[in-house]
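Fold and contact review
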Amino acid sequence: MQTKNYDYPKEVVLPEVRLSNGLVFPIRFKDLPPIIREIVENAPDNRKLPSLIACLAPLCAIATRVRLKYAYDNRLSALLIQVIIEGAQSVGKSFAADIERLLMDGTLKLRDQEQRLIEQIYREKKKRRSQNKELEEEPKTTICVIPATISKTVLTKRADLFMRVYGSVLTFWMFAEELAQVTDAGKQGYSNLRTIMRTAYDYGSQFGIDYASDNSYSAIVDINICSMFCATPSAVDEYMDKKAIEGGNISRQILCQIGDDIGSDGAIFKPLSEEQLATINQMLDLMMKNTYDSDGKLCPEIQLDTRWIDSTVRHWCRMKGTEALLTGHEAIDVFRKRSSVSAFRCAALLYYIYLLDAGFDCHKEIPTDDKRVKMAIRHCKKFYLFMADYILQSMLRRWGARFEEYNSSREDGSARLQGPTLYDELSFEFTRDQLNALLKQRQRTTPSRVLICQWQNRKLIKVIGENRYQKILKQDPFKPTT
């Protein structure tokens, strides 16, 4: 199902680049921030957008100390996103693993090597000790890179150690070249992370386990996870089953589907030059220094001021909300909300890197009248709008019909995602009975009283008699007012 496109204000979006799949990317690749710029520029045309998306989750995991406020939330949030790279077998999803290694091997993984070595030495000592010999206290390690097959108990323990060592939370990084690893592990109850992945999307959402056994680990913790999984369509179907679709796992995903024409050559990426690698490593080092100081202690949180994007976020959400009202599609209404959240976090990540590249100390107030900051804000607004649309459309194409089907079967029958909008299909003057008949015909679950009430609030209709209404829409509802 496609949602309706609408014109954005010219001062916000000026399309610059047309991608190979027909999408218009609003920023010239050379204007992207460091790291992302080098990777995207070296990718072939049909992998530029997937390469950009593959950069987002690992970079968010590194930027674990950034805090920000979303336009519709009162509490702080963090840069937490979950990505799925979906494509048929042998389509070439390995580029995502290459990007993951490039960004993580010299940062979080390098730091974790020392921590895991400490754990390994302790286990060997424990194994060699005599039964009567008392062993020293178990070391408190802080490991951020976790496998997709981790158990709930170990994950809870690692999250609790963050608080015990640092007095604060850190972001876990989870990557799997095959999503099947996650589904196979999930068949064992102790490694089924579907519920945790939902709470791990929101900073401050807690998960707890409480066991009586001394051999287990009990704690209530805030688990934050950035993830990226590569998967075939069948693996995505298995992972995103009915419970995941109805429970909200799908709406937390940034789904990137890749594919090639039949008989086409494989995608060839240009190797990074020494200059490009130096730029990437320099920026990664700067990001790590904003997380850990020279003594290995945790740096203060970065309170990133993103109020400049609030009006853009509200505008996009309102437009998609109007579209959901006119069509009666609950999938649009539900998916638009977290599509906006994920897009906001992606735009905030870009803004953060832009500021670091410009030499600003992000722990201090940023001068918004600075020419470089103004340009960064302009690019990030464009990026938010593009990503919000992209994420929403990807979710609707992949899961929209099934979401409506499950929702409708629970309410009343089966829903279809096709045809003109309910609003358009009604005559200029209509009655509540006509709307009820249309809802039944189109197999929609939204009550007519809800649609009528909200259409009235949006000034789309007016009452002309008992249960009789008239359309009063005078302009395209998807075109923003100036």
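Residues numbered from 1 in each chain as written. Predicted model: local features only at pLDDT ≥ 70, side-chain atom pairs only at ≥ 80, totals over all residues. Heavy atoms only, no water.

**Thoughts on the overall build of the protein**
Selection rule: Runs of H or I in DSSP of at least four residues are treated as helices and runs of E of at least two as strands, each being numbered from the N terminus. Burial here depends on accessible area, computed with a 1.4 Å probe over protein chains only, as a share of the maximum for the residue type. Under 20% is buried, over 50% is exposed, and the range in between is partly exposed. Two residues qualify as a contact provided that any one of their heavy atoms is within 4.5 Å of a heavy atom in the partner residue.
If you tally the helices and strands in the protein, you get 16 helices and 15 strands. Here the protein holds 482 residues, and the buried ones make up 54% of them. For the protein, long-range pairs separated by at least 24 residues make up 75% of all intrachain contacts whose partners lie at least 6 apart in sequence.

**Side note on the confidence of the model for the protein**
Spelled out, the test is: Each residue carries a pLDDT score, the predictor's own confidence in it, on a scale running from 0 to 100.
The predicted model of the protein has a mean per-residue pLDDT of 87, with 87% of residues at 70 or higher. Every residue in residues 6-15 scores below 50 in pLDDT, and together they form 29 contacts with partners more than four places removed in sequence or on other chains.

**Some thoughts on the nonpolar core**
Test applied: Nonpolar cores are built from buried Ala, Val, Leu, Ile, Met, Phe, Trp, Tyr and Cys residues. Side-chain atoms within 4.5 Å join them into one set.
Core analysis: the biggest nonpolar cluster contains 140 residues, and Phe25, Leu59, Trp173, Ile223, Tyr351, Tyr384 and Met387 have the highest contact counts within it. Here this core takes 18 residues from helix α13 (residues 371-411), the largest share from any one element. Other than its neighbours up to four places away in sequence, Ile223 contacts Leu155, Thr156, Ala159, Phe172, Ile196, Thr199, Ala200, Ser205 and Phe207. Within the second largest apolar cluster, 15 residues are counted, among which are Leu326, Ile452, Trp455 and Tyr469.

**Looking at unusual backbone geometry**
Even without a glycine there, the phi angle at Ile35 is positive, about 80°. Summarising the element assignment, Ile35 is placed in the loop between β2 (24-25) and α1 (36-41). The exposure class of Ile35 is buried, given its relative accessible area of 0%. Phi is positive for Lys459, close to 60°, though the residue is something other than glycine.

**Things to note about the sheet that holds strand β3 (residues 66-68)**
Defined as follows: Strand pairing is assigned whenever DSSP identifies at least 2 bridges connecting the two strands.
With mixed pairing, the three strands of this open sheet are ordered in space as β4-β3-β12. At either end of the open sheet lies a strand with only one pairing partner, and these are β4 (77-78) and β12 (302-303). In the sheet, β3 pairs with β12 via two bridges, with the strands oriented parallel. In the sheet register, Val66 faces β12, and the bridge partner there is Ile302.

**Regarding the pairing of strand β14 (residues 461-465)**
Alignment of β14 against strand β15 (residues 468-471), held across four bridges, turns out to be antiparallel. Within β15, the residue paired with Gly465 across the bridge is Arg468. Hairpin connection from β14 to β15: two residues lie between these consecutive antiparallel strands, with Asn467 at a positive phi of about 55°.

**Structural notes on the side chain of Glu86**
We apply this condition: Within 3.5 Å is the distance limit for a polar contact, defined as a pair of N or O atoms, with the added protein rule that one can donate a hydrogen and the other accept it, and that residues adjacent in sequence qualify only through two side-chain atoms.
Relative to the assigned elements, Glu86 resides in strand β5 (residues 82-86). Accessibility expressed as a relative area gives 3% for Glu86, which makes it buried. One polar contact links Glu86 to Arg398, side chain to side chain, over a distance of 2.9 Å.

**Description of the sheet that holds strand β11 (residues 253-257)**
Across a sheet, strands are paired by hydrogen bonds formed along the backbone, either parallel or antiparallel in direction. How we decide: Only the stretch in contact is used when a helix axis is fitted, and all axes are lines through C-alpha atoms; the angle between N-to-C directions ranges over 0 to 180 degrees.
Taking strand neighbours across the sheet as the criterion, the five strands line up as β6-β7-β10-β5-β11 in an open arrangement whose pairing is parallel. Where the open sheet ends on each side, the last strands, each with one partner, are β6 (145-146) and β11. Docked against the sheet, helix α5 (residues 152-166) engages β6, β7 (171-176) and β10 (224-231), running at close to 145° with respect to β7.

**Points about helix α15 (residues 432-442)**
It helps to recall that an α-helix has 3.6 residues per turn; residues three or four apart then point in one direction. What counts, and what does not: Read the arc as the range of directions from the helix axis to the C-beta atoms.
What α15 keeps buried is the set Leu435, Leu438, Leu439 and Arg442. One side of α15 carries all its buried residues, which in axial view fall inside an arc of 100°. For α15, the exposed residues set more than 90 degrees away from the buried face come down to Asp433, Lys440 and Gln441. A positive phi of about 60° marks Gln443, the residue just after α15.

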